[in-house]
Amino acid sequence: MTDGKDIIREKAVALAQAADEYWTAILRKDLPAFAAYQASFNAQTAMFPGMVHPTVDGQLCPEAGV
């Protein structure tokens, strides 16, 4: 999972901000604001691209990537 990791300040800040936004949305029970979860996921996978192994029917398929 840590292969290709790219942990830099900008990406860590983006992840922290997105996580704060969607956690606040959860606490408020604000479903539209919960869309910040996508930004959090994107920030996390930008830092750890090895987290995402796109597959189709068990076969590695880069076109199926997030």
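Rules and cut-offs
Residues numbered from 1 in each chain as written. Predicted model: local features only at pLDDT ≥ 70, side-chain atom pairs only at ≥ 80, totals over all residues. Heavy atoms only, no water. Helix = DSSP H or I, 4+ residues; strand = E, 2+ residues; numbered from the N terminus. Buried < 20%, exposed > 50% of the residue type's maximum accessible area, 1.4 Å probe, protein only. Contact = heavy atoms within 4.5 Å. Areas by Shrake-Rupley, 256 points an atom, 1.4 Å probe, with all protein chains shown as cover. Axes fitted to C-alpha atoms, helices over the stretch in contact; angles between N-to-C directions. Parallel < 35°, antiparallel > 145°, perpendicular 65-115°, else oblique. Left-handed = near helix turned anticlockwise from the far one by under 90°. Nonpolar A, V, L, I, M, F, W, Y, C, P; charged D, E, K, R; others polar.

Colleague: Honestly, the overall build of the protein in this entry has me stumped. Any pointers?
Modeller: When helices and strands are tallied, the protein shows two helices and two strands. Considering the protein as a whole, with its 66 residues, one finds that 18% of them fall into the buried category. Within the protein, residue pairs in contact and separated by at least 24 positions form 51% of the contacts whose partners lie at least 6 positions apart. By element, 58% of the accessible surface of the protein is carried by carbon and sulfur atoms, the whole surface being about 5,000 Å².

Colleague: Explain the packing of helix α1 (residues 9-28) against helix α2 (residues 36-47) here, please?
Modeller: Pairs of packed helices are described in terms of their axes, by the angle between the two and the distance that separates them. The geometry of α1 relative to α2 is characterised by a closest axis approach of 8 Å and an angle of 155° between their N-to-C directions. In terms of their interaxial angle, α1 and α2 are classed as roughly antiparallel. Handedness of the α1/α2 crossing: left-handed. In this structure, α1 uses Lys 11, Ala 12, Ala 14, Leu 15, Ala 18, Ala 19, Glu 21 and Tyr 22 to contact α2, whose residues at the interface are Ala 36, Tyr 37, Ala 39, Ser 40, Ala 43, Gln 44, Ala 46 and Met 47. Residues that form the contact of α1 with α2 fall into these classes: twelve nonpolar, two polar and two charged.

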